[in-house]
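Structural overview
Each chain, letter by letter, is given below.
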Amino acid sequence: MSLTNRILLAMVAGIALGSCLEWLMGVIDPAAGLHAFIENGLILGLFDVVGRIFIASLKLLVVPLVMVSLICGMSSLGTSSRMGSIAGRTIGLYLLTTCVAVTLGLSAALLIGPGTGVEVMASAAYEAKAAPPLTDTLVNIFPSNPFKAMAEGQMLQVIVFALLVGFALTRAGEAGERIASWFRDMEVIVMKMVGILIELAPYGVFALLTKLFATMGFGTIVDLAAYFFTLLGVLLFHGLVVYTGLLKILTGLNPGILLQKMRRVWAFAFSTASSGATLPITLRTVEKRLGVSKSVAGFSVPLGATINMDGTAIMQGVATVFIAQVYGVDLTGGQLLMVVLTATLASIGTAAVPGVGLITLALVLQQAGLPVEGVALIIGVDRFLDMVRTMVNVTGDATVATIVAHQESELDRAIYLDPNADHDGDLEDSQTTGAAA
Ligand code: ASP
């Protein structure tokens, strides 16, 4: 069975076993030994531990991978000033797709009205954290200490530092060439580590999803069905229709291929609910399966994982209208425009980890003059939606990287069109190496 299919099978098996365990825990007497064994031995023991180790290993690779691939990407562009145009197109497309995403979320929610008739629960209480001023956010992009930035996983700062190193390498003559070649070797090694992790993914994904579905209550979904399904519908529409349309119009490439090749990344995004933890897999897929050059992939994908969150923006659009409807507030045109603006900014500021989209939602509500406690209404169903919106977030990064690469003549069409490119991750590499040996 191919690696992707094994990962997908592990997903289904994890969801099934997790749901079974949740059901079992409900019917077994809580005082029974079996109950304690399932809860403490399996769910909070084995599956939780394996899942956490898997996420830690993914995160481990993020900083080294972003550093080496950006430095290699920058240095392979040579002394040309193409980086400016790549950066401009990438950021432009990220902003455009996010604005479209919020607008879609808002429009669908206004049309469907998921919040009309929903009672405000008395227990709703949520305390918003104060948002840092915009000037700080800007200044914080520039690192004062590269090691601190890496240690804290401050991705924007790491990106800025790597760009600077890559740029300096291209201008440092022989010394630059020597170090650039060292980084190219390092990239092969880090990519190998990503390959090894992908091979272990079926186990990691299985453990993560079993634990999640064993502890995730689905009861609240019934109360919030209208919100849940409106949001899910818009997420699917954006992920499957908007991106594919954009790719087709701007590049003429067959979008079906991109979707087909993204399945492995989706499995990671769904089970980790973190575009940050998924980044190593997104980057490897974009480079090796979609054929995007190192310079574009190394820049667009890490940047996208940090600032491009269309799924999060859609959630914020739908949630704002939902909360306004629950509290009986009619949103004016000006308020809606404000929501588009702040949700775009908020999704940029959302960290690529589980659940942060809900925290930045408070900012959007505040700007629109809506009660921030409204966030409490949707917390119950957020985890599952977070998993799906993370899939949309990573699809956006891959689509934009492919479009930019195509426009900049940095796309290897042969790889894009080859259904077997990096099909089996490192399994394939080792087989080829073995055969060659
Ligand atoms: N979990 C999302 C991500 O990592 C962010 C969010 O919307 O909470 O992409």
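For the structure given in this document, a descriptive report is provided here.

Conventions and cut-offs
Residues numbered from 1 in each chain as written. Predicted model: local features only at pLDDT ≥ 70, side-chain atom pairs only at ≥ 80, totals over all residues. Heavy atoms only, no water. Near = heavy atom within 4 Å. Polar contact = N/O pair within 3.5 Å; in protein donor to acceptor, adjacent residues only side chain to side chain. Areas by Shrake-Rupley, 256 points an atom, 1.4 Å probe, with all protein chains shown as cover. Helix = DSSP H or I, 4+ residues; strand = E, 2+ residues; numbered from the N terminus. Nonpolar A, V, L, I, M, F, W, Y, C, P; charged D, E, K, R; others polar. Core = buried A, V, L, I, M, F, W, Y, C linked by side-chain atoms within 4.5 Å. Buried < 20%, exposed > 50% of the residue type's maximum accessible area, 1.4 Å probe, protein only. Contact = heavy atoms within 4.5 Å. Salt bridge = Lys/Arg side-chain N within 4 Å of Asp/Glu carboxyl O. Axes fitted to C-alpha atoms, helices over the stretch in contact; angles between N-to-C directions. Parallel < 35°, antiparallel > 145°, perpendicular 65-115°, else oblique. Left-handed = near helix turned anticlockwise from the far one by under 90°. Patch = residues over 30% accessible without salt bridge, like charges linked within 9 Å, V, L, I, M, F, W, Y side chains within 5 Å.

Description of the site of the ligand
Around the ligand sit 17 residues, and of these Ser275, Thr312, Gly357, Asp386 and Arg389 come closest. Interatomic distance of 2.7 Å between a backbone N/O atom of Gly357 and an oxygen atom of the ligand. A distance of 2.7 Å is found between a nitrogen atom of the ligand and a side-chain nitrogen or oxygen belonging to Asp386. Expressed as a share of its isolated accessible area of 270 Å², the protein-covered part of the ligand is 100%. Within the residue set of the shell around the ligand, elements represented by two or more residues are helix 16 (356–367) and helix 18 (382–407). The element that contributes the greatest number of residues to the shell around the ligand is helix 18, accounting for 4 residues. Its residues assigned to classes, the shell around the ligand comprises 7 nonpolar, 8 polar and 2 charged.

Things to note about the nonpolar core
By size, the foremost hydrophobic cluster in this structure holds 125 residues, and its most contacted members are Tyr227, Phe270, Leu361 and Phe384. Once you skip the residues sitting within four places of it in the chain, Phe270 turns out to touch Met11, Ile15, Leu209, Phe213, Phe384, Met387, Val388 and Met391.

With respect to unusual backbone geometry
Non-glycine residue Ala273 carries a positive phi angle of around 50°. Structurally, the position occupied by Ala273 is in the loop between helix 11 (263–272) and helix 12 (275–289). Despite not being glycine, Ser409 has its phi angle at roughly 55°, a positive value. For Ser409, the location among the structural elements is in the loop between helix 18 and helix 19 (413–417). On the basis of relative accessible area, Ser409 is assigned to the exposed category, the value being 66%.

Quick word on helix 11
Within helix 11, 9 of the 10 residues are buried, which leaves it mostly tucked inside the rest of the structure. Of the residues making up helix 11, those classed as buried are Arg264, Val265, Trp266, Ala267, Phe268, Ala269, Phe270, Ser271 and Thr272. One or two steps after helix 11, the chain reaches Ala273, where phi turns positive at roughly 50°.

A closer look at the pattern of salt bridges
Applying the stated criterion across every chain, the model contains 11 salt bridges. When the shortest N-O distance is used, the salt bridge between Arg52 and Asp48 registers 2.9 Å. One end of the pair, Arg52, and the other, Asp48, are both in helix 2 (residues 33–76), 4 residues apart, so they sit about a helical turn from each other. Looking at Asp48, the relative accessible area reads 12%, which means it is buried. Notably, a salt bridge pairs Glu408 with Arg82, separated by 3.4 Å at the nearest N-O pair. Taken as a pair, Glu408 in the loop between helix 18 and helix 19 and Arg82 in helix 3 (residues 82–112) lie far apart in primary sequence, 326 residues in all. Among the residues examined, Arg82 registers a relative accessible area of 29% and is labelled partly exposed.

Quick look at the packing of helix 7 (residues 173–215) against helix 12
In the contact formed by helix 7 and helix 12, the axes pass within 10 Å of each other and the chain directions differ by 110°. Put simply, helix 7 runs roughly perpendicular to helix 12. The interaxial crossing formed by helix 7 with helix 12 has left-handed handedness. Residue-level inspection shows Glu187, Met191, Val194, Gly195 and Ile198 of helix 7 in contact with helix 12, the latter providing Pro280, Ile281, Arg284, Glu287 and Lys288. When grouped by side-chain class, the residues that make up the contact of helix 7 with helix 12 number 5 nonpolar, 1 polar and 4 charged.

A look at a nonpolar patch on the surface
On the surface, a nonpolar cluster with roughly 380 Å² of combined accessible area is contributed by Leu60, Val188, Ile189 and Met193. Per-element tally for the nonpolar patch: the top contributor is helix 7, with 3 residues. Mapped onto the secondary structure, Met193 falls in helix 7. Classification of Met193 as partly exposed rests on a relative accessible area of 37%.

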